[in-house]
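The chain contents come next:
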Amino acid sequence: MKLETITASETVGDLIARYLAEIGVTTVFGVISIHNMPILDAIARQERIRFVPARGEAGAMNMADAYARVSGELGVCLTSTGTAAGNAAGAQAEALTAGSRVLHITTQVDLEFADRDRAAIHDVPRQPEMLRGVSKAVFRMWDANGAVGALTAAVSAALSAPTGPVSLEIPVDVQRTPACPTTRIHKPQPIRPIAPESVIDEIAELVKTAKRPLLWLGGGACAAGKEATELMRRGFGVVTSTNGRAIVSEAEPASLGAFNMTPEAVELYKSCDLMIVVGSRLRGNETRNNKMPLPRPLVQIDADAAQGGRNYPVEVFAHGDAADTLARLLERLPDTLDTDTNLSFDIARTRAEAEGRMRDVLGPYRVVADTLADRIFSNGHPWVRDVTISNSTFGNRYVRIADPKLGVHALGGGIGQGVAMGVGAAVATRGAKAITLLGDGGTMLGLAEMITAVEENAPLVYLLMNDKAYGVIQNIQDAQYDSRRHYSALATPDFAGFCKAIGMPHRVISDVAEFPAAFDEAVAADGPQLIEIDMCAIGPFNEAFAGPPAGAAGKGE
Ligand SMILES: Cc1ncc(C[n+]2csc(CCOP(=O)(O)OP(=O)(O)O)c2C)c(N)n1
């Protein structure tokens, strides 16, 4: 790693820019402001980092989040004090839900005014409290001497399991002060909790007597793909959360993928005699609000000790890093487990039945789902999804992804983040274009970031499912509110005109038969493209999707 000579004239702002470059950050997303200009001016002068200027801080945060998920590296978002930091908060809530490795560098008013409610421009007197609600941890850089320490603490916290977004406040006057000329820069390493031998012994004993063991993999297991795949080879079946998709290949017959809450899955669970949950919150949306019966004994492995038994009572809880704990479990197990050889066939059948039932629901949109299922898996596209009916029905499970890093979805259920997430994923992808599924309602929240996509010539295809409504809300109104469709019809722009105005190629599909060719054309073309699917012309799904099954929380996915 290149260590530049520290010059006497270096400011803390210069140091921050240099620090980020030296620890391997290549891209920063953000919005420029008087309070972060010492950092941004240095980033520009040093020419080592690409700065992607988003149109708003929410977009910048969504971009940094998606970038982190797709690249597997730290995502960095730079905002200003007060309103600007607050603008990023909704998006940061999503990064927190997904456990994304994001560093949110925000600022503060001059130290003599900070925390004192003295009405300095941009000041919000309790900014740390605001940030705390949406951050894994919050740090402040108090002075030049502590600059490298504060950066190290923040980056280390973001990277250490349980990973998550970390906020670092850097007062603007601190940014301008001369840097401490002595501190060398080293890339912070994540801290990994190590499970005790005794608990792994206990799990191994349970595994050796199980006939139909299942692994439930969540996003916290994303670095444990090798170990999980080996457990499957030895006799385990696999099911994942949405955030744990493709940790084990979704093409494996012994993998149920994320069809984790279907009636068929519930039947399968009844026939199993052990489940090991690795790095998963067992979210309400994927477990019928934790009411769905899971196999017993239930074992949980998590890097966050406080998660032990939180959503389900467990027989065994191991506080440890996913990959390390599974690797040490494998050392204790025979090469082939004495398990039911029917298990993988039963899982394949369970999945096929769930997929079949789902295809019946799609009606004309089967063509769209099948085209995407084929292209996204085989070409290794990042698959980014906003919260829209097409994702809840087919995007979240049926469209397979080729690698766990390639799935980006608003796990917390907040609409409108997909537009910017598509940009972050596209900037991170080194291979195929990012494919980004949007609803027209959600798109309204992120529309301006399409301009960022054009400006950055981001390799991505937006698929806009336009039903001129908050479709799922209307379906819920039909199902639960005697069809009183208040506030759910939407005036949306003429997207062809909008795309023309911002310089983004636009195609409209009013007959699904045209979709496969249009999709291939858009993927082959340079830069961002938008395909609008005119759902009013094409018609409804065979069955209206009106949220998750009873007992699950929220809108459902
Ligand atoms: C930030 C946020 N605001 C409001 C909601 C409530 N909500 C859930 S789905 C939805 C409608 C989404 O409409 P659209 O993007 O057009 O997708 P469709 O349901 O039509 O497929 C709304 C408003 C939410 N989930 N997140």
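Think of each chain on its own: its residues are numbered from 1, step by step along the sequence as written. In view of the model being predicted, local features appear only for residues whose pLDDT reaches at least 70, and side-chain atom pairs are presented and counted only at 80 or more, with totals across whole chains, interfaces and linings using the full set of residues. Water and hydrogen atoms play no part in the side-chain values, which are based on all heavy atoms of the structure.

Q: How should I be thinking about the pattern of salt bridges in this particular structure?
A: Opposite charge on two side chains allows them to pair when their charged atoms are near. Basic side-chain nitrogens of Lys or Arg form a salt bridge, by our definition, when they fall within 4 Å of a carboxyl oxygen of Asp or Glu. Taken as a whole and assessed by the stated rule, the structure comprises 37 salt bridges. With its nearest N and O atoms 2.7 Å apart, the salt bridge here joins glutamate 10 to arginine 18. The buried label goes to any residue with under 20% of its type's maximum accessible area, the exposed label to any with over 50%, and the partly exposed label to all in between, with areas taken from a 1.4 Å probe on protein chains only. Given a relative accessible area of 3%, arginine 18 falls into the buried group. For glutamate 94, the salt bridge goes to arginine 69, with nearest N and O atoms at 2.8 Å. On the criterion of sequence distance, the pair formed by glutamate 94 in helix H5 (residues 89-98) and arginine 69 in helix H3 (residues 57-71) is long-range, its members being 25 residues apart. Where helices and strands are cited, they refer to DSSP runs of H or I of at least four residues and of E of at least two residues respectively, numbered from the N terminus.

Q: Help me out: how do you make sense of the pairing of strand S6 (residues 166-171) in this one?
A: On a regular strand, each side chain points to the face opposite its neighbour's, so the side chains alternate between the two faces of the sheet. In terms of residue burial, S6 counts as a mostly covered element, since 6 of its 6 residues are buried. Note that strand S4 (residues 102-108) and S6 share 6 bridges and pair parallel. Within S6, the residue paired with threonine 106 across the bridge is glutamate 169. The pairing of strand S5 (residues 137-140) with S6 spans 4 bridges and is classified as parallel. Two strands pair under a simple rule: DSSP has to find at least two bridges between them.

Q: Please explain helix H2 (residues 37-46) as it appears in this structure.
A: Three- or four-residue spacings in an α-helix give side chains the same orientation, since the helix completes a turn every 3.6 residues. Listing the buried residues of H2 in full gives Pro38, Ile39, Leu40, Ala42 and Ile43. Taken from the residues just after H2, glutamate 47 is the one with a positive phi, measuring 55 degrees.

Q: I tried to follow the nonpolar core on my own but got confused; where do I start?
A: As a rule of thumb, nonpolar side chains are buried together in soluble globular proteins. Buried residues of nine kinds, namely Ala, Val, Leu, Ile, Met, Phe, Trp, Tyr and Cys, make up a nonpolar core once their side-chain atoms join them within 4.5 Å. Core analysis: the biggest nonpolar cluster contains 55 residues, and Leu372, Leu463 and Ile533 have the highest contact counts within it. Whether two residues touch is decided by their heavy atoms; if any such pair falls within 4.5 Å, the residues are in contact. Discounting chain neighbours no more than four positions away, the residues touching leucine 372 are Phe377, Trp383, Phe394, Val399, Ile435, Leu463, Phe515 and Phe519. The next biggest cluster of nonpolar side chains, apart from the first, holds 41 residues, and it includes Ala91, Val423, Ala453 and Phe498.

Q: I would appreciate a short explanation of the sheet that holds strand S3 (residues 75-78) in the present structure.
A: Overall, parallel pairing links the 6 strands, which are arranged S2-S1-S3-S4-S6-S5 in an open sheet. Looking at strand neighbours, the two that pair on one side only are strand S2 (50-53) and S5, the edges of this open sheet. On average, adjacent strands in this sheet sit at an angle of 25 degrees to one another, irrespective of strand direction. Inter-axis angles, ranging from 0 to 180 degrees, are taken between N-to-C directions of lines fitted to C-alpha atoms, where helices are fitted over the stretch in contact. Lying on the sheet, helix H1 (residues 12-22) is in contact with strand S1 (27-30), S3, S4 and S6; it crosses S4 at an angle near 180 degrees.

Q: Explain the site of the ligand here, please?
A: The cutoff for a nearby residue is simple: one of its non-hydrogen atoms must lie within 4 Å of the molecule or strand. Residues in close proximity to the ligand total 16 residues, the closest being Thr388, Gly413, Gly441, Gly442 and Gly471. In the analysis that follows, any N or O atom pair within 3.5 Å is treated as a polar contact, provided that within protein one partner can donate a hydrogen and the other can accept it, and provided that, for residues neighboring in sequence, both atoms belong to side chains. Within the side chain of threonine 388, one N or O atom sits 2.6 Å away from an oxygen atom of the ligand. For the ligand, whose unbound accessible area comes to 590 Å², protein coverage reaches 77%. Elements that contribute at least two residues to the shell around the ligand include exactly helix H17 (440-446) and helix H19 (471-480). Residues belonging to the shell around the ligand are distributed by class as follows: 6 nonpolar, 7 polar and 3 charged. Exposure was quantified through the Shrake-Rupley algorithm and a 1.4 Å probe, taking into account, for residues, occlusion by the shown protein chains and nothing else. Ten residues, namely Ala, Val, Leu, Ile, Met, Phe, Trp, Tyr, Cys and Pro, are considered nonpolar, four, namely Asp, Glu, Lys and Arg, are considered charged, and the remaining ones, Gly among them, are considered polar.

Q: Would you take a moment to explain the environment of phenylalanine 377 for this structure?
A: With respect to the element layout, phenylalanine 377 can be found in helix H14 (residues 366-379). With 162 residues separating them in the primary sequence, phenylalanine 377 and leucine 215 have C-alpha atoms 23 Å apart.

Q: What is the right way to read helix H9 (residues 197-209) from this model?
A: Between its first and last C-alpha atoms H9 spans 19 Å; for 13 residues at 1.5 Å apiece the expected length is 18 Å, and the two agree. By the burial criterion, the buried members of H9 are Val199, Ile200, Ile203, Ala204 and Val207. The buried side chains of H9 occupy one side of the element, clustering within an arc of 140 degrees when seen end-on. For H9, the secondary structure elements touched by its buried residues are strand S9 (274-278), strand S10 (298-302), strand S11 (316-319) and helix H12 (322-331). To estimate the expected span of a helix, subtract one from its residue number and multiply by 1.5 Å. What the arc covers is the set of directions going from the helix axis to the C-beta atoms.

Q: What is the right way to look at the pairing of S9 in this model?
A: Across the 5 residues that make up S9, a large majority, 5, are buried. Because side chains alternate across S9, one face comprises the buried residues Leu274, Ile276 and Val278, and the other comprises Met275 and Val277, equally buried. In the sheet, strand S7 (residues 213-217) pairs with S9 via 5 bridges, with the strands oriented parallel. Residue pairing for S9: leucine 214 is matched across the bridge by methionine 275. Strand direction decides the pairing type here: S9 and S10, joined by 4 bridges, are parallel. In the sheet register, valine 277 faces S10, and the bridge partner there is glutamine 300.

Q: So what exactly am I meant to see when it comes to unusual backbone geometry here?
A: Trans is the prevailing form of peptide bonds, just as negative phi is the prevailing case for residues other than glycine. Cis geometry marks the peptide bond from alanine 161 to proline 162, where omega comes out at -5 degrees. With respect to the secondary-structure elements, proline 162 resides in the loop between helix H7 (147-159) and S6. Note that the residue after arginine 296, namely proline 297, is joined by a cis bond; omega there is -5 degrees. Positionally, proline 297 belongs in the loop between S9 and S10. With a phi close to 75 degrees, histidine 122 is a non-glycine residue in the positive phi region. Mapped onto the elements of the fold, histidine 122 is located in the loop between S4 and helix H6 (127-132). Positive phi, normally seen in glycine, also occurs at aspartate 482, with a value near 45 degrees. As for its position among the elements, aspartate 482 is in the loop between H19 and helix H20 (495-502). The exposed category is assigned to aspartate 482, whose relative accessible area is 67%.

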